[in-house]
Each structure stands twice: as C-alpha cells, then as structure tokens.
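Coordinate analysis (summary)
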Amino acid sequence: MLEEVKALATWVLIGDEHIFRQGQSVAGQVFSYRKIEDIEQVDDENEVYLIDLHTLNPEQYKLGTLSVDCEKACGEVLEYALKLAKKQRLNGVVYAPLNKEALYRGGYHFKDEIHFFASLLDCTEGFSEINVMGDLWVTRVTSHVPLKEVASLITKERVGRTIRFAHDILSKAGIQQPSIAVAAFNPHAGDGGLMGMEEIQAISPAIKDALEMGIRVEGPYPADTIYLRLNTKPFDCLVGMYHDQAQTGMKLLGFNRGVTISGGLPVVVTTPAHGTAFDISGQGAANPVAMINAMKVAIKLAGF
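This section reports on the structure supplied with the text. (Residues numbered from 1 in each chain as written. Predicted model: local features only at pLDDT ≥ 70, side-chain atom pairs only at ≥ 80, totals over all residues. Heavy atoms only, no water.)

A separate point is the overall build of the chain. What the chain contains, in helices and strands, is 11 helices and 11 strands. Its C-alpha radius of gyration of 20 Å places the chain within 12% of the 19 Å reference for a compact globule of 304 residues. Viewed in the frame of its principal axes, the chain has a C-alpha envelope of about 60 × 35 × 35 Å. Here the chain holds 304 residues, and the buried ones make up 44% of them. Put simply, of all contacts in the chain between residues at least 6 apart along the chain, 68% involve residues at least 24 apart. A total accessible area of about 15,500 Å² is found for the chain, and carbon and sulfur atoms account for 51% of it. Put simply, the chain has 28 plus and 37 minus side-chain charges, and the middle of one group is 3 Å from the middle of the other. (Helix = DSSP H or I, 4+ residues; strand = E, 2+ residues; numbered from the N terminus. Rg over C-alpha atoms; globule rule 2.2 N^0.38 Å. Buried < 20%, exposed > 50% of the residue type's maximum accessible area, 1.4 Å probe, protein only. Contact = heavy atoms within 4.5 Å. Areas by Shrake-Rupley, 256 points an atom, 1.4 Å probe, with all protein chains shown as cover. Lys, Arg positive; Asp, Glu negative; His and termini not counted. Charge placed at Lys NZ, Arg CZ, Asp CG, Glu CD.)

Turning our attention to the layout of surface pockets. Here the second largest pocket is characterised by a volume of approximately 460 Å³. Taken together, 21 residues form the lining of the second largest pocket, with Phe-127, Ser-128, Val-141, Arg-158 and Arg-161 sitting closest to its centre. For the lining of the second largest pocket, the elements supplying multiple residues, two or more each, are helix 5 (113-120), strand 5 (128-133) and helix 7 (156-172). In terms of residue count, the dominant contributor to the lining of the second largest pocket is helix 7 (four residues). Of the residues in the lining of the second largest pocket, the class split is six nonpolar, eight polar and seven charged. (1 Å grid on protein atoms, 1.4 Å probe; cavity = no way out; pocket = protein on both sides within 12 Å on 5 of 7 lines; lining within 4 Å. Points joined across faces, edges and corners; volume = space filled by probe spheres on them. Nonpolar A, V, L, I, M, F, W, Y, C, P; charged D, E, K, R; others polar.)

We now examine the pattern of salt bridges. In the structure shown here, the tally under the stated rule is 16 salt bridges. Taking the shortest distance from any N to any O, the salt bridge between Arg-21 and Glu-17 comes out at 3.2 Å. Linking Arg-21 with Glu-17, this pair stays in helix 2 (residues 17-27), spanning four residues, or about one helical turn. Note that Glu-76 is salt-bridged to Lys-72, the shortest N-O span being 2.6 Å. Of this pair, Glu-76 and Lys-72 both sit in helix 3 (residues 68-86), four residues apart, roughly one helical turn. (Salt bridge = Lys/Arg side-chain N within 4 Å of Asp/Glu carboxyl O.)

Counting buried residues in strand 6 (residues 136-140) gives five out of five residues, a clear majority hidden from the surface. With four bridges joining them, strand 6 and strand 9 (residues 237-240) adopt parallel strand pairing. Bridging from a neighbouring strand, Arg-140 pairs with Gly-240 of strand 9. (Pairing = 2+ DSSP bridges.)

Another aspect to go through is helix 7. Helix length check: helix 7, at 17 residues, gives a terminal C-alpha distance of 24 Å against a target of 24 Å (1.5 Å per residue), a fit within 8%. Looking at helix 7, one finds that the buried residues are Val-159, Gly-160, Thr-162, Ile-163, Phe-165, Ala-166, His-167, Ile-169 and Leu-170. Two residues or fewer after helix 7 comes Gly-174, characterised by a positive phi angle close to 95°. (Expected span 1.5 Å × (residues − 1).)

Counting 31 residues, the largest nonpolar core has Trp-137, Ile-154, Ile-163, Ile-180, Val-182 and Met-241 as its most contacted members. For this core, the elements supplying multiple residues, two or more each, are strand 5, helix 7, strand 7 (179-183), helix 8 (198-212), strand 9, strand 10 (259-263) and helix 11 (289-301). In this structure, Trp-137 is in contact with Ile-130, Asn-131, Val-132, Ile-169, Leu-170, Ala-173, Ile-175, Asp-236, Cys-237, Leu-238, Ile-261 and Leu-301, ignoring residues within four places of it in sequence. Listed in part, the 29 residues of the second largest apolar core include Ile-39, Leu-84, Phe-117 and Leu-265. (Core = buried A, V, L, I, M, F, W, Y, C linked by side-chain atoms within 4.5 Å.)

With that out of the way, let us pick up the sheet that holds strand 2 (residues 34-36). Strand order in the open sheet formed by three strands is 1-3-2, and the pairing between neighbours is parallel. Looking along the sheet, the strands with just one partner apiece sit at the ends: strand 1 (12-15) and strand 2. The sheet shows a mean angle of 30° between the axes of neighbouring strands, direction not considered. Sheet topology places strand 1 next to strand 3 (residues 49-52); four bridges connect them, and they run parallel. Across the sheet, Ile-14 pairs through a bridge with Ile-51, a residue of strand 3. (Axes fitted to C-alpha atoms, helices over the stretch in contact; angles between N-to-C directions.)

This is the structure in structure tokens:
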C-alpha cells in the first residue's frame, strides 16, 4: 500500500488472510498489518488492520477461473463490511472488482452489486452508479438492463431524477454548482423526431425542468461526439442514457484509472471501474492505479 494512501485514513482489511498472503506473493509486495478479531480492537490510527473471516483457502480454487465458492465468500465479506458501515463502525467501504455472474451463482440473487448493497442498507430508491475519471464524473439513466429495454425506460421522470442525482452527488463531493452535459439517446439527437422522439418527449423537458431548479445542465448532445465536446468545453459530469454509451468513452480516456461509486446509499462505497481480468490473474501484472483512486475517492466522499 502506498504510504500516501496509508496516511489518509485508518485502513481495515476484511477477508481471508490466506487470500491476502497469496495476493502479496503474486504481486511481490509485503507490508505489515495487525490481525484483529473485531472492529472494536482498532485503537491506533497509524496501523493497518486485518479481520480474517476464514472464508477460503487457496487450495479451494484455481486462479483465473469462475468460482462460485469465491464469490460466495466475496458476498459474505461485503455483507460483513457493509453491516459495520451501517452501524457507523466504518466510514466507508472500498472493494476490489467482482464478477456479477459468480456473485449471483454464489447465492446473492441481485442483478448487480449496487442492488445487493441497497438491500443490505434498507435503501429502496435514489441510488445509482457514478464513475469518476480524473475531473470527469459519469452516470447514466439506465444501467444493467438489456439494450432492447432501454427505450422504454427513457422517461422525463427518470432523466430528471438522474440529472438531480448527479448534481447532488457532485455537490456533496465539494464541487460547487457542477456543470452537467446530457447525452441524446438516438442518432443525431433524434433529428427533430425523424430518428426517435425520446429527445423531444423526455430528455429535453427534463433538462428544462432542471434548469428551472437552478441546475447547470446542457444538452441533449449527440452521443457520438459528446466526448469531443467534453474536450472543448469542460463539464464536471456527463449523464448518458445507457451503460455502454457512457462507459465506453470513459474507459477509453483511461481504463486503468476509473472509479465506480455506488452513489445515493447511506454509506460510502467505491471500487475500481475495471473488471476482474481473469486473463491476467496470478501473473502479478494488474495495474493498482484504479484501486488507489477508489481509496482516495472514498476518503473524499467520507469527508476526511
């Protein structure tokens, strides 16, 4: 762990000590930590702590393969950490990339992890993912749904709610009067209705309402050029209409730097925006920058 990150907060590692030791061996990195049984034993802000949940050992799985046992253990670790945060024993949770399919097979029957988190935290609405890449924040009206269902979900209410969500999250992160760009849904922003009515019936009216609330927002801009627009006129946040529309450009900007925030929950939760990368598992080739950034973003959102 970089000393600059270590110094930002008191870190508590939660998981299985066998796995942590294996990870250190693969990465060729070693640092000291203090093993504890309970969060109440944290008493020195300069220490790094480890709570060993004894969920797995390296003989139970093979690196780089889908493992239901591993994701069951992953779900148990996340559940443990989030319950501590819910009790205000932790100021936030930073987790490594996880595999949604394996998590589901491991017994956590949610379409994605944010709905799992929301269920644990008794949160029924107002939450969504938001990504951070440097100074740019990115969120979307729809997320982990089949593409064929997206059009029916582009409504004035949902677009407006997402714009307000973006405004609120950025404001809480200390960005005063954040500026927001909104992507169109159809090619050429619908060409006045020739290629679709979502811009006319849902997106533009939602933007108009947000402007009347005092939110700095512009659009809808054609999605195929919106990242070029972001280069010429800086915006703090991009609101896309669906997952890949927003994510593709952001990941091209810096795949190994992005952070995903589970926004709108009563607990700060962040993770690297990239995936699990089974293809390089065990090679010691993973880039740690996104994880370091996720830790820094969590610290900022927690108000440290």
